[in-house]
Amino acid sequence: MLTINGQSVEAAGKTVAQYIAEAGYNTARIAVELNQAIVPRAKYAETVLADGDVVEVVNFVGGG
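The following refers to the structure shown. (Residues numbered from 1 in each chain as written. Predicted model: local features only at pLDDT ≥ 70, side-chain atom pairs only at ≥ 80, totals over all residues. Heavy atoms only, no water.)

### Here we look at helix α1 (residues 16-23)
Each α-helix turn comprises 3.6 residues. Residues three or four places apart therefore point the same way. What α1 keeps buried is the set Val16, Tyr19 and Ile20. Taken around the axis of α1, the buried residues stretch over an arc of 90°, which confines them to a single face. In α1, the exposed residues that point more than 90 degrees away from the buried face are Ala21 and Glu22. Close packing links the buried residues of α1 with β1 (2-4), β2 (7-9) and β3 (30-34). One or two residues past the end of α1 sits Gly24, with phi positive at roughly 85°. (Buried < 20%, exposed > 50% of the residue type's maximum accessible area, 1.4 Å probe, protein only. Helix = DSSP H or I, 4+ residues; strand = E, 2+ residues; numbered from the N terminus. Arc of directions from axis to C-beta. Contact = heavy atoms within 4.5 Å.)

Here it is as structure tokens:
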């Protein structure tokens, strides 16, 4: 189990890219923080999530 945006999630063993695709995020409009460090978009496909990880996915919203 890991924690994503405050929720316990069974996603250990998946890459960041796999998780965000399954969750339906638009990769052009998000930032991913893994254990308090930003994951560069170029590293999503090679960054594997593990039990105990804490992930925050921030979705950017425009407005004015």
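So that's the structure; there's more coming.
### Side note on the nonpolar core
The nonpolar side chains of a soluble globular protein tend to be buried, and buried together. In this structure, Ile4, Ile20, Val32, Tyr44, Leu49 and Val55 are the most contacted members of the largest nonpolar core, which totals 14 residues. Breaking this core down by element, the ones donating at least two residues are β1, α1, β3 and β5 (54-59). (Core = buried A, V, L, I, M, F, W, Y, C linked by side-chain atoms within 4.5 Å.)

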